[in-house]
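One-letter residues, chain by chain:
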Amino acid sequence: ARYTCCVYYPTRDEFISSEELHCIAPVTTFVGPVSIEVAINGVVFTEDDVTFNYENCSDAVTGCPGPQDIVFLLDGSTNLDATEFNIQRRFASRLANAFPLKESETHIGAVQFGDASNIRTELSLSSDRRAITTGLEGMEWLNVPGTAIGDAIHMAHEVLMQGRQNSTKFIVLVTNGNEEVTPGTDLDPVTEAKKVKEDGVILLGIGVGADANMTRLKELVTQPVDGFALPIQEFDQLITNIDTIVSSLCPGILSVSPASVCEGESASILVRGHGFHSGELVCKVRPTRVPFA
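What counts, and at which threshold
Residues numbered from 1 in each chain as written. Predicted model: local features only at pLDDT ≥ 70, side-chain atom pairs only at ≥ 80, totals over all residues. Heavy atoms only, no water. Buried < 20%, exposed > 50% of the residue type's maximum accessible area, 1.4 Å probe, protein only. Helix = DSSP H or I, 4+ residues; strand = E, 2+ residues; numbered from the N terminus. Arc of directions from axis to C-beta. Contact = heavy atoms within 4.5 Å. Phe/Tyr/Trp six-rings, centres within 6.5 Å; stacked < 30°, edge-to-face > 60°. Core = buried A, V, L, I, M, F, W, Y, C linked by side-chain atoms within 4.5 Å. Pairing = 2+ DSSP bridges.

Draft legend 1. Expanded view of helix α4 (residues 189–198). For α4, the set of buried residues is P189, E192, A193 and V196. Seen end-on, α4 carries its buried residues on one side only, within an arc spanning 100 degrees. Of the exposed residues in α4, the ones pointing more than 90 degrees away from its buried face are K194 and E198. Residues of α4 that are buried sit in contact with α3 (149–161), β8 (168–175), β9 (202–208) and α5 (214–220). Just past α4, the residue G200 takes up positive phi, approximately 90 degrees.

Draft legend 2. Looking closely at the packing of aromatic side chains. Going through the model one piece at a time under the given rule, you end up with one aromatic pair. Judged by centre distance (6.1 Å) and plane angle (20 degrees), the rings of F85 and W141 are stacked. Separated by 56 residues along the polypeptide, F85 in helix α1 (residues 82–97) and W141 in the loop between α2 (129–137) and α3 bring together distant segments of the chain.

Draft legend 3. Focus on the nonpolar core. Ranked by internal contacts, the top residues of the largest apolar core, which has 59 residues, are F72, L73, I171 and I206. Setting aside residues up to four positions removed in sequence, I171 forms contacts with V71, L73, I153, A156, H157, L160, V196, V201, I202, L203 and L204.

Draft legend 4. Structural view of the side chain of Q88. The topology assignment puts Q88 in helix α1. Those residues in contact with Q88 that sit more than four places away from it in its chain are L74, D75, L80, V174 and F235.

Draft legend 5. Quick look at the pairing of strand β7 (residues 119–126). When strand β6 (residues 106–113) meets β7, the two strands line up antiparallel, connected through five bridges. Bridged to I108 within β7 is S126. As consecutive antiparallel partners, β6 and β7 are separated by five residues.

Encoded structure:
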C-alpha cells in the first residue's frame, strides 16, 4: 500500500491539540505499513496526539488557514508619480481582499513611508473588510523624497507587535527604488530586517520597475529569496500578480528531502517552507515490523 505523509502546521507555538493542526500539502510517498511522528518546534507529535491523514492530500485545506497578521509597507516617496501611487493603493486594497478577512483568520495593517520623518501608520491591524478597503484606497500620497526602508520596517514591526500572539506575521514591502539612508540618523534596513525575521516575522519584498534594487531587496527578505523577493516590471502588473503574491504569503512547502523512503528504511523528512513558525518541519517516518505488502 502507498501512503502520503501529510505535514501539519501549528497555529501557535505552545502545545497543540489535534483540532489546531491543519493538513496543508502532500510531502513524501512511502511504501508499506508505517507509524508516523511529526516534530514541530521541538515538540514531537505521534498518532496518540493527533490524527494523521494517510491519503492523498489533494483536497487538503487550501488558501491561508490559521490566523495571519499582515502589514503592507507602501512606498509614498517621490520615486513614484501620482498614477503609480494610485495603482499601488488599488493593489493593496485588492490584495487585502484576496484573504479571508475574519476575526479568527487574516488581519491587515498598512504603513506608508518616505524619509525617516515621514512614516505613518495608515491602518492598524483589522479584519473589518470595509474599514480596510476604505483605509487603503483613501490613503493620501506622502509625496516626499527619501525612502527610509529601515525605519519603515521598524514601524511595521511595531504595528505587528500589537497583533495577536498566536498569528503568523508578515510584512509586505513594496518599493520601486533604493533606500536612501542618512548615516547616524536613519535605521539600517538590513539590521531592522534581521530583527523582524528573528522575531518570527516573514518579510516579502516586491521591487517594481527597472530602478528597483533587487540585490538589496534580497538581503532584506525571508529565505529563500526566490520565494520572497519578487520583481515586477511595471506598477500596472502589480494587480495581475496578486495570485502569485498570495501564494507566497500562504503556508506552503518549498522543499522536501528526501523525496521518497524505501521499503524497510527509516528516515527523517525535512520540510522547508513558509507559514510555519519555525520555517521548517520534520516528519519522521518509522516503518513498523509488519511485513510489507
